[in-house]
Amino acid sequence: MRISARADYAVRAALQLAHAPDGGPLKAEAIADAQDIPHKFLEGILGDMRRGGLVLSQRGGNGGYRLAKAADEITIADVIRVVDGPLVSVRGVRPPELSYSGPAESLLPLWIALRANVRQILDGVSLADVASAELPHQVSALTRDPASWMNP
């Protein structure tokens, strides 16, 4: 699985909004500066997040962006789906729409299992979890294995 720059920036922007004092609006420039995200790129991402119902925008001197729901009601998967689409696809196709034959036939259940595991983790972690540095036990347990940190 590959996390795109767009998804990474979107999650980081959402976390910055989750960390905003009193949930107040933050200007795109402030988010971009705080997270070292190119401002123009962030504007497009925030627009997608607004259209996806994750953030609200407010015009004016005291305007900016804020989360549309509480941080504990928005999962990391929600953010990724809004800016990048499905969490797992193969050649741009969702796994249930694929079919294989011969020795490759058992690839489909493998892709489905992969998707189920990705969903289990990303749908199970909210912005509030990450912002508070209190990841769910199952996620923390995976990171305690030294092999998880190694690149094969």
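Residues numbered from 1 in each chain as written. Predicted model: local features only at pLDDT ≥ 70, side-chain atom pairs only at ≥ 80, totals over all residues. Heavy atoms only, no water.

**Quick notes on the nonpolar core**
And then number 1: Residues M49, V79 and L127 are the most contacted members of the largest nonpolar core, which totals 36 residues.
And then number 2: Taken together, the elements giving at least two residues each to this core come down to α1 (5–18), α2 (28–35), α3 (39–51), β2 (64–67), α4 (76–84) and α5 (107–122).
And then number 3: Once residues lying within four places of it in the same chain are set aside, the contact partners of V79 are A10, V11, A14, M49, L54, I74 and L127. (Core = buried A, V, L, I, M, F, W, Y, C linked by side-chain atoms within 4.5 Å. Buried < 20%, exposed > 50% of the residue type's maximum accessible area, 1.4 Å probe, protein only. Helix = DSSP H or I, 4+ residues; strand = E, 2+ residues; numbered from the N terminus. Contact = heavy atoms within 4.5 Å.)

**Some words on the pairing of strand β1 (residues 55–58)**
And then number 1: Relative to β2, β1 runs antiparallel, the two being bridged by four bridges. Looking across to β2, one finds that Q58 is bridged to G64.
And then number 2: The hairpin formed by β1 and β2 contains five residues between the paired strands, and G60 there has a positive phi angle of roughly 105 degrees. (Pairing = 2+ DSSP bridges.)

**A look at the packing of α3 against α4**
And then number 1: In the contact formed by α3 and α4, the axes pass within 9 Å of each other and the chain directions differ by 110 degrees. For the element pair α3 / α4, the angle class is roughly perpendicular. In this structure, α3 contributes I45, D48 and M49 to the contact, and α4 contributes V79, V82 and V83.
And then number 2: Classifying every residue of the contact of α3 with α4 gives five nonpolar, no polar and one charged. (Axes fitted to C-alpha atoms, helices over the stretch in contact; angles between N-to-C directions. Parallel < 35°, antiparallel > 145°, perpendicular 65-115°, else oblique. Nonpolar A, V, L, I, M, F, W, Y, C, P; charged D, E, K, R; others polar.)

**Some words on the layout of surface pockets**
And then number 1: There is about 250 Å³ of room inside the largest pocket.
And then number 2: Around the largest pocket, the lining is made up of 13 residues, and of these R2, P86, L87, V88 and S89 lie nearest the centre.
And then number 3: Its residues assigned to classes, the lining of the largest pocket comprises eight nonpolar, three polar and two charged. (1 Å grid on protein atoms, 1.4 Å probe; cavity = no way out; pocket = protein on both sides within 12 Å on 5 of 7 lines; lining within 4 Å. Points joined across faces, edges and corners; volume = space filled by probe spheres on them.)

**Here's the deal with the environment of G102**
And then number 1: The topology assignment puts G102 in the loop between α4 and α5.
And then number 2: On the accessibility criterion, G102 (46% relative accessible area) is partly exposed.

**A word on α4**
And then number 1: Turning to α4, its buried residues number three or more, namely I76, A77, V79, I80 and V83. Taken down its axis, α4 places every buried residue within 160 degrees of arc, on the same side.
And then number 2: Looking at the buried residues of α4, the elements they touch are α1, α3, α5 and α6 (127–131). (Arc of directions from axis to C-beta.)

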